[in-house]
Amino acid sequence: MMFFGALFYAWVSAAIVMAIAWVAYCITKKAFVVDIAWSLVIMIAGFVLALSHPVTVYSSYVLLLLAFWGLRLAIFLFATRILTGIEDTRYDAISSQWSGSKIWGFFLHYQLQAVLALLIALPFYWVPLVNDFNVVRVVILAIIVGLILSEWISDRQLYRFQQSHSKGVCQVGFWTWCRHPNCFFEGNIWVFFCLSCLS
């Protein structure tokens, strides 16, 4: 499939997932459901882009790690935010500055996030075009696994701290070394995902 064709189908997939998230917002009035959809949109768009080419052994491993990243984050956010009934006021602060309808404002906001997620997923289009599976690529995949697990651990450390402390700064585990270790690991995950598509 040509690049723009794959890009179109990936965008349609992303837009549909974000539309479903918007419906969930209309029902629950919890605007942060988009955070859960975010990881799923990147994962699905990445799969659509990659599967526009014949699947290789290497690309299947990369896509497996993408699924691990996306599902892990979506499940964690669902369990710690939706199921616990937490109130996240970030999106209330954003929408308070809008002059029009809040409902349609969030629809546009979610669709903009779909476009941004598509840009992040874009490198996966080139992953199946990598035809050599060498030591460097094995190291890259191993580093991605380590980064995803480290992000998982840091998320759990912060969540447990917030459960036992109503205020204060988390200084447990990875949080003793870095102010936002989960963001550090997340950023590096995408650096190495981009490196995984270089031939």
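Residues numbered from 1 in each chain as written. Predicted model: local features only at pLDDT ≥ 70, side-chain atom pairs only at ≥ 80, totals over all residues. Heavy atoms only, no water.

Draft legend 1. Representation of the state of the cysteines in the model. Here the structure, examined in full by the defined rule, presents zero disulfides. Free cysteine C194: the closest other cysteine sulfur is in C197, separated by 5.9 Å. Note on C197: relative accessible area 13%, which makes it buried. (Disulfide = S-S within 2.5 Å. Buried < 20%, exposed > 50% of the residue type's maximum accessible area, 1.4 Å probe, protein only.)

Draft legend 2. Local environment of the nonpolar core. By size, the foremost hydrophobic cluster in this structure holds 56 residues, and its most contacted members are L49, L66, W69, Y110, F124, W190 and F193. At the level of elements, α1 (3–28), α2 (33–50), α3 (57–82), α5 (102–121), α6 (135–164) and α7 (181–196) are the ones that each hand at least two residues to this core. Here this core gets 11 residues from one element, more than from any other, and that element is α3. Those residues in contact with L66 that sit more than four places away from it in its chain are I42, M43, G46, F47, F124, W190 and F193. (Core = buried A, V, L, I, M, F, W, Y, C linked by side-chain atoms within 4.5 Å. Helix = DSSP H or I, 4+ residues; strand = E, 2+ residues; numbered from the N terminus. Contact = heavy atoms within 4.5 Å.)

Draft legend 3. Region of interest: the packing of aromatic side chains. According to the stated counting rule, one finds 25 aromatic pairs in the structure shown. Plain terms: the ring middles of Y25 and Y110 are 6.4 Å apart, the flat faces sit at 70° to each other, and that makes the pair edge-to-face. Of this pair, Y25 sits in helix α1 while Y110 sits in helix α5, placing them 85 residues apart in sequence. Here Y25 matches Y110 in class, with each residue buried. Residues W69 and W190 carry aromatic rings whose centres are separated by 5.0 Å and whose planes lie at 90° to one another, so their mutual orientation is edge-to-face. With W69 in helix α3 and W190 in helix α7, the pair connects residues that are 121 residues apart, well separated along the chain. One aromatic cluster is present, built from ring pairs that chain together Y25, Y91, W98, F106 and Y110. Geometry around Y25 places K29 over its ring, the cationic atom sitting 5.7 Å from the centre. The ring centre of Y58 lies 5.5 Å from the NZ or CZ of R137, which sits over that ring. (Phe/Tyr/Trp six-rings, centres within 6.5 Å; stacked < 30°, edge-to-face > 60°. Lys NZ or Arg CZ within 6 Å of the ring centre and 35° of its normal.)

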